[in-house]
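Tertiary structure, described
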Amino acid sequence: MAQQSARYIIHADLDAFYAAVEQLDRPELRGKPVLVGGRPEGRGVVATASYEAREFGVHSAMPMATAIRQCPDGIVVRPRFDRYREMSGQVMHIFRSVTHIVEPLSLDEAFLDITAVAAAGGSPLAIAIDIKKRVSTETGLKVSVGLSSSKCVSKIASDLQKPDGLVVIPAGQEAEFLAPLPVGKLSGIGPKSVARIHADGVRTIGDLAQMPDSWFAHRFGKRGPSIRDHSRGIDHDRVQPVRERKSISSETTFPEDLNDSKDLFAVIRRLSEHVASALTDKGLLGRTVTVKMRLSDFTTFTRQTTLPNPTSDAATIESTARTLLDRELAPERAFRLLGVGISGFTDHGESNRERHVPADSPHTVGTLSTPDYQYRMPLLFDGGPTQTGI
């Protein structure tokens, strides 16, 4: 009975995806520190850094100028999102040829529920290895994989042996696996929360799991029960092959700070038109308009308002966004980034969900023989030393 009720969830995360694609397409970049993102003189930021660049402390979202100071030999490459979407599509096709229950989270990561495939006779570990082999041989990219009984644990596991990692957490050992890890590894706990939690003497996920329910309610409010359960390795969330689109937005970072209202309102118009065009393309109407603002000192905040009626009209979005921005203008304020977004969707023709077409034979995997793919031996957590004779 226990075997029949077991779940097998994979979190697959492509390693340094944008940089890996650039190194794949341009052999002269291989083995070199690659920084994908905007130009340092234009206040660009790092979208992805290759592992060679990460050795210098470079990471995503770091200002490109800072990245270049830390990694003087870094090669700055402008992003090519059309190419990244193309490569992502190839990887997602591989995932869907294994199981039709695939939940993409972004271009470079996804959850896969392989429970039914395993029940049909496939070894979960062999399935994970086969996925890694196929991604490598069919696309030239490397993917790190976490395998466990839940989304929460698999996502954490996939990050522990990067790049090209494979970490397996057997059912029943989730809490033991999580216990020694830093509390910031848990999804939903950001840097600000970590600082507050540390002040309460909580350092590891195991420490967090021991806290009383009242503490979770005080610290996290309505998110408390979910974070409590996740800290104890409990997560019954299903892999959702159809995911709701939460919002549509467009933003831009300026080469130089702007404080002239005429210039700022022109940006608002352009961003609003982009958002309205995306709404029309997807057959959506939205009610909540949000403006994201970042000041010259990097202070970042949002303002939003909800309309009486849903809309996809560019002029309506623009006028609403202008009003929100106008309230924040002041002579001493200069802006380095503006963004316009809309959420609270209703449907007027197309579904407000991203529908993913399953593969022609979604329930079949083929023969899963021991692959000749050269991969690092998976880490099988058993509460003791790493097992390498799997």
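Residues numbered from 1 in each chain as written. Predicted model: local features only at pLDDT ≥ 70, side-chain atom pairs only at ≥ 80, totals over all residues. Heavy atoms only, no water.

Okay, the overall build of the chain next. When helices and strands are tallied, the chain shows 15 helices and 16 strands. Here the contacts in the chain between residues at least 6 apart in sequence split such that 66% fall between residues at least 24 apart. Carbon together with sulfur atoms contributes 49% to the accessible area of the chain, which is approximately 19,500 Å² in total. (Helix = DSSP H or I, 4+ residues; strand = E, 2+ residues; numbered from the N terminus. Contact = heavy atoms within 4.5 Å. Areas by Shrake-Rupley, 256 points an atom, 1.4 Å probe, with all protein chains shown as cover.)

Before going further, it helps to examine the nonpolar core. In terms of nonpolar packing, the biggest core is built from 37 residues, with Ile 10, Phe 17, Phe 95, Leu 112, Ile 131, Val 135 and Leu 141 touching the most fellow members. Contributing elements (two or more residues each) for this core: strand E1 (9–14), helix H2 (17–25), strand E2 (34–37), helix H5 (81–98), strand E6 (109–113), helix H7 (124–139), strand E7 (143–148) and strand E8 (166–168). For this core, the element with the highest residue contribution is H5, accounting for 7 residues. Apart from residues lying up to four places away in sequence, Ile 131 is in contact with Ile 10, Phe 95, Val 98 and Leu 112. Val 267, Val 289, Phe 301 and Leu 307 belong to the second-largest nonpolar core, a separate cluster that totals 27 residues. (Core = buried A, V, L, I, M, F, W, Y, C linked by side-chain atoms within 4.5 Å. Buried < 20%, exposed > 50% of the residue type's maximum accessible area, 1.4 Å probe, protein only.)

The tally for this structure, following the rule as stated, stands at 8 aromatic pairs. On the basis of an interplanar angle of 50° and a centroid distance of 5.8 Å, the ring pair of Phe 17 and Tyr 18 is categorised as tilted. The exposure classification of Phe 17 matches that of Tyr 18, with both residues buried. In this arrangement the basic side chain of Arg 54 is found over the ring face of Tyr 51, its NZ or CZ atom lying 4.4 Å from the centre. Here the guanidinium or amino end of Arg 322 rests over the ring plane of Phe 265, the centre of that ring lying 4.0 Å away. (Phe/Tyr/Trp six-rings, centres within 6.5 Å; stacked < 30°, edge-to-face > 60°. Lys NZ or Arg CZ within 6 Å of the ring centre and 35° of its normal.)

As a further point, take the packing of H5 against H7. Contact geometry for H5 and H7: axes closest at 10 Å, N-to-C directions at 150°. In this structure, H5 meets H7 at a crossing whose hand is right-handed. Note on element contacts: H7 touches H5 through Ile 127, Ile 131, Arg 134, Val 135, Glu 138 and Thr 139, opposite Met 87, Gln 90, Val 91, Ile 94, Phe 95, Ser 97 and Val 98. Class assignment of the residues belonging to the contact of H5 with H7 gives a composition of 8 nonpolar, 3 polar and 2 charged. (Axes fitted to C-alpha atoms, helices over the stretch in contact; angles between N-to-C directions. Left-handed = near helix turned anticlockwise from the far one by under 90°. Nonpolar A, V, L, I, M, F, W, Y, C, P; charged D, E, K, R; others polar.)

Between its first and last C-alpha atoms H5 spans 26 Å; for 18 residues at 1.5 Å apiece the expected length is 26 Å, and the two agree. Along H5, the residues that are buried comprise Arg 83, Tyr 84, Met 87, Ser 88, Val 91, Met 92, Ile 94, Phe 95, Arg 96, Ser 97 and Val 98. (Expected span 1.5 Å × (residues − 1).)

By the element assignment, Thr 252 lies in strand E10 (residues 247–258). Beyond its immediate chain neighbours, meaning those up to four positions away, Thr 252 contacts Val 267, Arg 270, Leu 271, Arg 336, Leu 337 and Leu 338.

A few words now on the confidence of the model for the chain. Regions with low pLDDT should not have their predicted coordinates read in detail. Of all residues in the chain, 86% attain a pLDDT of 70 or more, and the chain-wide mean is 86. Within the chain, strand E15 (residues 353–354) has the poorest average pLDDT of any element, 36, and E1 the best, 98. Confidence drops under pLDDT 50 across residues 349–376; counting only partners more than four residues distant or on other chains, this segment forms 54 contacts. Within the model, the stretch residues 384–390 combines pLDDT values under 50 with 8 contacts to residues more than four positions away or in other chains. (pLDDT = per-residue confidence, 0-100.)

The next thing to look at is the pattern of salt bridges. Enumeration over the complete set of coordinates arrives at 20 salt bridges. Residue Asp 82 is joined to Arg 85 by a salt bridge in which the shortest nitrogen-to-oxygen separation is 2.5 Å. Of this pair, Asp 82 and Arg 85 both sit in helix H5, 3 residues apart, which is roughly one turn of that helix. Each member of the salt-bridge network shares a partner with another, and the members are Glu 22, Asp 25, Arg 80, Arg 83 and Glu 86. (Salt bridge = Lys/Arg side-chain N within 4 Å of Asp/Glu carboxyl O.)

For the rest of this paragraph, the subject is the environment of Val 76. Tracing the backbone through its elements, the reader meets Val 76 in strand E4 (residues 75–77). Look at Val 76 and you get buried, because its relative accessible area is 17%. For the pair Val 76 and Arg 39, spaced 37 residues apart in sequence, the C-alpha separation works out to 7.1 Å. If we skip the residues at most four places from it in the chain, Val 76 touches Leu 35, Gly 37, Gly 38, Arg 39, Pro 40, Met 64 and Ile 68.

Right, let's get into the side chain of Thr 288. Considering the arrangement of structural elements, one finds Thr 288 in strand E11 (residues 284–295). Given a relative accessible area of 11%, Thr 288 falls into the buried group. In this structure the side chain of Thr 288 is engaged in a polar contact, spanning 3.1 Å, whose partner is the side chain of Thr 306. Leave out the neighbours within four places in its chain, and Thr 288 touches Gln 304, Thr 305, Thr 306, Gly 341, Ile 342 and Ser 343. (Polar contact = N/O pair within 3.5 Å; in protein donor to acceptor, adjacent residues only side chain to side chain.)

A few words now on the sheet that holds E4. Pairing is mixed across the open sheet formed by 3 strands, whose spatial order is E3-E2-E4. Each edge of the open sheet carries a strand with a single partner, namely strand E3 (46–49) and E4. Strand after strand, the sheet turns through a mean of 30° between neighbouring axes, direction not considered. (Pairing = 2+ DSSP bridges.)

What follows deals with unusual backbone geometry. The omega torsion across Lys 162 and Pro 163 is -5°, close enough to zero to call that bond cis. Notably, Ala 61 is not glycine yet its phi reads approximately 75°, a positive angle. Tracing the chain through its elements places Ala 61 in the loop between helix H3 (51–54) and helix H4 (64–70). According to the relative accessible area criterion, Ala 61 is exposed, its value standing at 59%. Unlike most non-glycine residues, Phe 298 shows phi in positive territory, near 75°. Along the chain, Phe 298 falls in the loop between E11 and strand E12 (300–311). Note on Phe 298: relative accessible area 46%, which makes it partly exposed.

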